[in-house]
Amino acid sequence: QGPKGTRWSRGGAMLPLSLLRTATGNPMLVELKNGETFNGTLDSCDNWMNIKLKEVICTSRDGDRFWRLPEVVIRGNNIKYLRIPEEVIDMVPEEDLSMAGKGKGGKGGKGDGR
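Just so you know, these numbers come straight off a predicted model, no measurement behind them. (Residues numbered from 1 in each chain as written. Predicted model: local features only at pLDDT ≥ 70, side-chain atom pairs only at ≥ 80, totals over all residues. Heavy atoms only, no water.)

**So, the sheet that holds strand β3 (residues 51–59)**
Read across the open sheet, the 5 strands follow the order β4-β3-β2-β1-β5; overall the sheet is antiparallel. Since the sheet does not close on itself, it has two edges, and those belong to β4 (66–74) and β5 (79–83), each with one partner. The average undirected angle you get between the axes of adjacent strands in this sheet is 30 degrees. In this sheet, β4 lies alongside β3 in antiparallel orientation, the contact comprising 8 bridges. The residue bridging Lys-52 from the neighbouring strand is Val-73, located in β4. (Pairing = 2+ DSSP bridges. Helix = DSSP H or I, 4+ residues; strand = E, 2+ residues; numbered from the N terminus. Axes fitted to C-alpha atoms, helices over the stretch in contact; angles between N-to-C directions.)

**Observations regarding the pairing of β3**
Across 7 bridges, strand β2 (residues 37–45) lies against β3 in antiparallel orientation. Following the sheet pairing, Thr-41 is matched in β3 by Lys-54. Once β2 ends, the chain turns through 5 residues before running back antiparallel as β3, passing Met-49 with a positive phi of about 70 degrees. With antiparallel pairing between neighbouring strands as the criterion, β3 and β4 make up a hairpin whose turn holds 6 residues, including Gly-63 at a positive phi of roughly 80 degrees.

**Section: the side chain of Thr-59**
Within the secondary structure, Thr-59 is located in strand β3. On the accessibility criterion, Thr-59 (14% relative accessible area) is buried. What Thr-59 contacts, discounting residues up to four positions off in sequence, is Glu-36, Thr-37, Arg-65, Phe-66 and Trp-67. (Buried < 20%, exposed > 50% of the residue type's maximum accessible area, 1.4 Å probe, protein only. Contact = heavy atoms within 4.5 Å.)

**Here we look at the pattern of salt bridges**
If you walk through the whole model with that rule in mind, you get 4 salt bridges. Linking Asp-43 and Lys-52 is a salt bridge whose minimum nitrogen-to-oxygen distance equals 3.4 Å. Bridged by salt links that share partners, the residues Asp-43, Lys-52, Lys-54 and Glu-71 form one connected network. (Salt bridge = Lys/Arg side-chain N within 4 Å of Asp/Glu carboxyl O.)

Any link to function would need more than the numbers given here.
The structure is reproduced here in structure tokens:
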């Protein structure tokens, strides 16, 4: 378990994109680096952690203003924090990290050695 009882994984390895893909269709809270928060249902995500939420309530950074939006697309590099229901964490398939990153750069590729 992590801080304040947050559970990181079931003892196996869990990759962030696997968690996000499993969370599709579930509610989540997204906090941006600028302090704004978005509460909505995860509709989709991509390999860069760009996410699309539906039925969203946006809260300003100071918490004084609220907006209801039908959908929002958030660029992954703006995300500071994600809160996902614990039931979703239990549904994430364990990953074989020995295969993670193979074939994506590094040594032994089909480069010309320069």
